[in-house]
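Reading the structure
So the chains spell out like this:
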Amino acid sequence: MKKLVFATAIAIGGFTLGTAATPIIFHDGIMEELIVQDFKEIAVSDVPSAVITALETDYPGATLNKAYVNGEEQYKLEVSTAEGSSLELYADAEGNWIQM
């Protein structure tokens, strides 16, 4: 019986170690995994024109402050709206808004 308990503990521990690189967040009794996207900062001038057009169309008067891109060519935009609030928006290379 001790061997069975020991083997079970090792098996469960092995599963835990495999997922330790992904932090887990608890709030309101709900567990969520935090997926870290590897975004790298780029010059605002390097943002595709389709993304700029989408920003101008959907957020008139907004100012693009910083831009980031990941390996999947998804763009993270730090934007100031015309009203003065800050937004963090995500878009693909074709200018389609995505939720992260």
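Read on for a plain summary of the structure. (Residues numbered from 1 in each chain as written. Predicted model: local features only at pLDDT ≥ 70, side-chain atom pairs only at ≥ 80, totals over all residues. Heavy atoms only, no water.)

1. So, the pairing of strand 5 (residues 74-80)
To be explicit about the condition: Only protein chains enter the calculation, and the probe is 1.4 Å; a residue is then buried if its accessible area is under 20% of its type maximum, exposed if over 50%, and partly exposed in between. For the purposes of this entry, the term helix denotes a DSSP run of H or I that reaches at least four residues, the term strand denotes a run of E that reaches at least two, and both are numbered from the N terminus. Here the rule is simple: two strands pair whenever DSSP picks up at least two bridges between them.
The buried fraction of strand 5 is high, at five of seven residues. Judged from the six bridges that link them, strand 4 (residues 63-69) and strand 5 form a sheet pairing that is antiparallel. Among the inter-strand pairings, Val-69 is bridged to a residue of strand 5, identified as Tyr-75. Where strand 4 hands over to strand 5, the hairpin turn is made up of four residues, of which Glu-73 adopts a positive phi near 55°. Taken together, the seven bridges between strand 5 and strand 6 (residues 86-92) define a ladder with antiparallel strand orientation. Note that in strand 6 the partner of Gln-74 across the bridge is Asp-92. Between strand 5 and strand 6, which pair antiparallel one after the other, the connecting turn spans five residues, and Gly-84 there sits at a positive phi close to 100°.

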